Amino acid sequence: MTTTRLPAEERRASLLCAACHLFASRSYHGTTTAEIARKTGVTEPVLYRHFESKRALYLACMNWSWEQVRELWEERLAAEPDPALWISAIGRAFVESEKERPRSSPLWVQALAESAVDPEIAAYMRAHMHEVHEYVADVVRRAQDAGGVSPDRDPDAEAWIFISLGLLSMADEVVGALLRDAWPAIRESRTAWLRGSLHRS
């Protein structure tokens, strides 16, 4: 088999992209490093020069996915002039973008399941969820400072509620159309709650 020699950074990015697609479409256990290597036209020893283990590659996929989500959220926040709608905007962006890229939902669901038996993945998920929480809590605080969210709302609590709804959306995808028709009402209810008395006539 003839392979194209790529610079190390490009090779690593190629392996990571292939792995993210395979993990998301199959599963952590259902994907082998041999398949990932084969998909990118390299041998397993080459793969292991970039990622020391399948777990390390999986967690790199989690990091890559979070970077993609965070970039998307920054774009949506910059495009939304009403701070009262910032939380709704990033929530909608996450759900809609799952159709356009290697999906985050399967990776999160798999990682949560693996956390029960893999202490390293569990430790990663604790730190990762706290990072996502802090990002969302900061969006709530910024929205409060801009006058779009009631100062009575607790940013930390609202961020955990946001994450819980994200997990519910993942369950919706896994089991199939659990809440598909309910999301507009959920978003409207959450936005009204966040606004509180600010926009009452």
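Residues numbered from 1 in each chain as written. Predicted model: local features only at pLDDT ≥ 70, side-chain atom pairs only at ≥ 80, totals over all residues. Heavy atoms only, no water.

A. Structural context of the overall build of the chain. Summing up its helical and strand segments, the chain has nine helices and zero strands in all. Helices (α) and strands (β) of the chain occur, in sequence order from the N terminus, as α-α-α-α-α-α-α-α-α. Summarising its shape, the C-alpha atoms of the chain cover approximately 70 × 35 × 30 Å along the three principal directions. The buried share among the 201 residues of the chain stands at 44%. (Helix = DSSP H or I, 4+ residues; strand = E, 2+ residues; numbered from the N terminus. Buried < 20%, exposed > 50% of the residue type's maximum accessible area, 1.4 Å probe, protein only.)

B. Structural context of the packing of aromatic side chains. For the coordinates displayed, the defined rule picks out seven aromatic pairs. With a centroid separation of 5.5 Å and 40° between ring planes, the pair formed by W73 and Y135 is classed as tilted. One end of the pair, W73, is in helix α4 (residues 54–79); the other, Y135, is in helix α7 (residues 119–145), and 62 residues separate them in sequence. Given a relative accessible area of 3%, W73 falls into the buried group. Judged by its relative accessible area of 13%, Y135 falls in the buried class. Following the ring pairs from residue to residue traces out a cluster consisting of W66, W73, Y135 and F162. (Phe/Tyr/Trp six-rings, centres within 6.5 Å; stacked < 30°, edge-to-face > 60°.)

C. Structural detail: the nonpolar core. Within the largest apolar cluster, 49 residues are counted, with the highest numbers of intra-cluster contacts made by F23 and W73. For this core, the secondary-structure elements that each account for two or more residues are α1 (8–25), α2 (33–40), α3 (44–50), α4, α5 (86–97), α6 (104–115), α7 and α8 (155–175). (Core = buried A, V, L, I, M, F, W, Y, C linked by side-chain atoms within 4.5 Å.)

D. View of the packing of α1 against α4. Running from N to C, α1 and α4 cross one another at 90°; their axes reach a closest spacing of 9 Å. With respect to their mutual orientation, α1 and α4 come out roughly perpendicular. From α1, R12, L16, A19, C20 and F23 reach across to α4, where they touch K54, L57, Y58, A60, C61 and W64. Class assignment for the residues of the contact of α1 with α4 results in nine nonpolar, no polar and two charged. (Axes fitted to C-alpha atoms, helices over the stretch in contact; angles between N-to-C directions. Parallel < 35°, antiparallel > 145°, perpendicular 65-115°, else oblique. Contact = heavy atoms within 4.5 Å. Nonpolar A, V, L, I, M, F, W, Y, C, P; charged D, E, K, R; others polar.)

E. Representation of α2 within the structure. Among the residues of α2, those classed as buried are T33, E35, I36, A37 and T40. On its buried face, α2 is in contact with α1, α3 and α4. Where α2 ends, the next residue or the one after it, G41, has phi of about 75°, a positive value.

Geometric descriptors of this kind do not, in isolation, establish any biological role.
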